[in-house]
Amino acid sequence: MELFSQDDKQVPEFRSRRRFLSQIGCAAIFPFAAIAGKPAANGGEIIALNSAIAQSLLALGITRFGMPGVATYANTIIEPALPSSVFDIGSSTEPNLELLAASRPSMILYSPGSGPEPKRLREIAPIVAVPYYQPGMDHLDIAKNMLHSIAHITGTQTAEARYLEHLEWIFEQARKRTTLFQGRPLLGIDMAWARIFAVWGKGSPFDGVLRELGLSNAITDRDKAIGWKYMSFQQLLAMDDAWGINIGPLSKRTLNSPIWPMLPFVRNNRLISVPPSNQYIAGLPTIERLARTLGEALEAQS
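## Re the sheet that holds strand S1 (residues 46-48)
If you walk across this open sheet you meet the 5 strands as S3-S2-S1-S4-S5, and the pairing is parallel. What marks the edges here is a single partner per strand, and that holds for strand S3 (87-88) and strand S5 (127-129). Summarising the sheet, S1 and strand S2 (residues 65-67) pair through 2 bridges and their orientation is parallel. When the sheet's bridge partners are listed, Ile-46 is paired in S2 with Phe-65. Where helix H2 (residues 51-59) meets the sheet, its contacts fall on S1, S2 and strand S4 (107-110), and the angle it forms with S2 comes to roughly 160°.

## A look at the side chain of Thr-178
Counting through the fold element by element, Thr-178 comes out in the loop between helix H7 (157-177) and strand S6 (185-193). The exposure class assigned to Thr-178 is buried, which follows from its relative accessible area of 0%. Separated by 2.9 Å, the side chain of Thr-178 and the backbone oxygen of Ala-174 make a polar contact.

## A look at the confidence of the model for the protein
Of the residues in the protein, 85% reach a pLDDT of 70 or more, and the chain-wide mean stands at 83. For the protein, the element scoring lowest by mean pLDDT is helix H1 (residues 17-22), at 35; H7 scores highest, at 97. Contacts of residues 1-43 to residues separated by more than four positions or lying in other chains number 86 contacts, the stretch itself having pLDDT below 50.

## Examining the side chain of Thr-254
Locating Thr-254 in the fold gives a position in helix H10 (residues 252-255). The exposure class assigned to Thr-254 is buried, which follows from its relative accessible area of 11%. A polar contact of 3.1 Å, which involves the side chain of Thr-254, links it to the side chain of Ser-251. With residues near it in sequence (within four places) discarded, Thr-254 still touches Ala-192, Phe-197 and Trp-260.

## Focus: the packing of H2 against helix H6 (residues 139-154)
It is at 9 Å that the axes of H2 and H6 come closest, and there the two elements cross at 60°. Classed by the angle they form, the pair H2 and H6 counts as oblique. In the packing of H2 onto H6, the handedness of the crossing is right-handed. Facing Ala-52, Ile-53, Ser-56, Leu-57 and Ala-59 of H2, the residues of H6 in contact are Met-146, Leu-147 and Ile-150. The residue makeup of the contact of H2 with H6, split by class, is 7 nonpolar, 1 polar and no charged.

## So, the nonpolar core
Of all hydrophobic cores here, the largest spans 60 residues; its most connected members are Leu-57, Phe-65, Leu-109, Leu-186, Phe-206, Ile-245 and Leu-284. Sequence-distant contacts of Leu-186, that is, excluding residues within four places in its chain, are made with Phe-181, Phe-206, Leu-210, Leu-215, Ser-216, Asn-217, Ala-218, Trp-243, Ile-245 and Leu-298.

## Observations concerning the packing of aromatic side chains
The tally for this structure, following the rule as stated, stands at 6 aromatic pairs. Measuring from ring centre to ring centre gives 5.0 Å for Phe-181 and Trp-243, while their planes differ by 80°; the resulting arrangement is edge-to-face. Here Trp-243 lies in strand S10 (residues 243-246) and Phe-181 lies in the loop between H7 and S6, a separation of 62 residues in the sequence. According to the relative accessible area criterion, Phe-181 is buried, its value standing at 1%. Exposure remark for Trp-243: the relative accessible area of 12% places this residue in the buried category. Between Trp-200 and Tyr-280, the ring centres sit 4.8 Å apart and the planes meet at 50°, which makes this aromatic pair tilted. Here the residue Trp-200 occupies a position in strand S7 (residues 196-200), and Tyr-280 occupies one in the loop between strand S11 (271-273) and helix H12 (284-301), the gap between them amounting to 80 residues.

## Examining the environment of Ser-56
Topologically, Ser-56 is positioned in helix H2. Judged by relative accessible area, Ser-56 falls into the buried class, the value being 1%. In this structure the C-alpha to C-alpha distance between Ser-56 and Lys-144, which are 88 residues apart in sequence, comes to 9.2 Å. Those residues in contact with Ser-56 that sit more than four places away from it in its chain are Met-146, Leu-147 and Ile-150.

Rules behind the numbers
- Residues numbered from 1 in each chain as written.
- Predicted model: local features only at pLDDT ≥ 70, side-chain atom pairs only at ≥ 80, totals over all residues.
- Heavy atoms only, no water.
- Pairing = 2+ DSSP bridges.
- Helix = DSSP H or I, 4+ residues; strand = E, 2+ residues; numbered from the N terminus.
- Contact = heavy atoms within 4.5 Å.
- Axes fitted to C-alpha atoms, helices over the stretch in contact; angles between N-to-C directions.
- Buried < 20%, exposed > 50% of the residue type's maximum accessible area, 1.4 Å probe, protein only.
- Polar contact = N/O pair within 3.5 Å; in protein donor to acceptor, adjacent residues only side chain to side chain.
- pLDDT = per-residue confidence, 0-100.
- Parallel < 35°, antiparallel > 145°, perpendicular 65-115°, else oblique.
- Left-handed = near helix turned anticlockwise from the far one by under 90°.
- Nonpolar A, V, L, I, M, F, W, Y, C, P; charged D, E, K, R; others polar.
- Core = buried A, V, L, I, M, F, W, Y, C linked by side-chain atoms within 4.5 Å.
- Phe/Tyr/Trp six-rings, centres within 6.5 Å; stacked < 30°, edge-to-face > 60°.

Laid out in structure tokens, this is it:
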């Protein structure tokens, strides 16, 4: 059976939870071994070209693969930690194609719209498109589709079902911790430049977590592909009822700025910080981490 042709392959999306789970077990099996160390002498490893794909592999129990930006992942993604069996193929912004070719991979998983040109990748190994940037689609659904896609082509559907059950348990525990915040608008703040702030709106990973926990997002529209948008200092001044959620972390320069204490959620002591996590390239494990840490932070504030 031919698993891949010279064209990019992309497995179907499953947007509803019922259909998503009902399709588990219908894909062909593609076996991979988890072997610690450097790239195997005979090759045959998977290459993950972004950290969301890498997170999905780890969630499925696949611990032997290559990826760019191992050090960057450790500093910005944090969880799940990369095992020593994951090998580096260059920087996250520009993977080293020579290292990539030398590892003689069995397949390259990439997201259209980022990374090297598919034509160049196809010269090295079969490539599989795992979409990440999908305007108009909620990011939680994108991350679930990504996990399902990778489980489909690696034959790890049982691990997929187990992980989704674990994620639902995380959501349920967080729901119990955050009941007192139902109906209160929460404003996810990520970065700031002078008088401009990056906040998480509709369709973002933050928004998906709030939806699962039965909480309200103070930002009800969307701008960028994964749901974040810019807001001015003046716009934030008008948000009298919002609780600020610092996902950043915000820089010391921002926190020491003379305008910072003027923001309503700072002035009224309604700012809550959670451990930082990179929401711009978020697989399901990053969403899991945000749900867990947000639940703990809101419970402590109750």
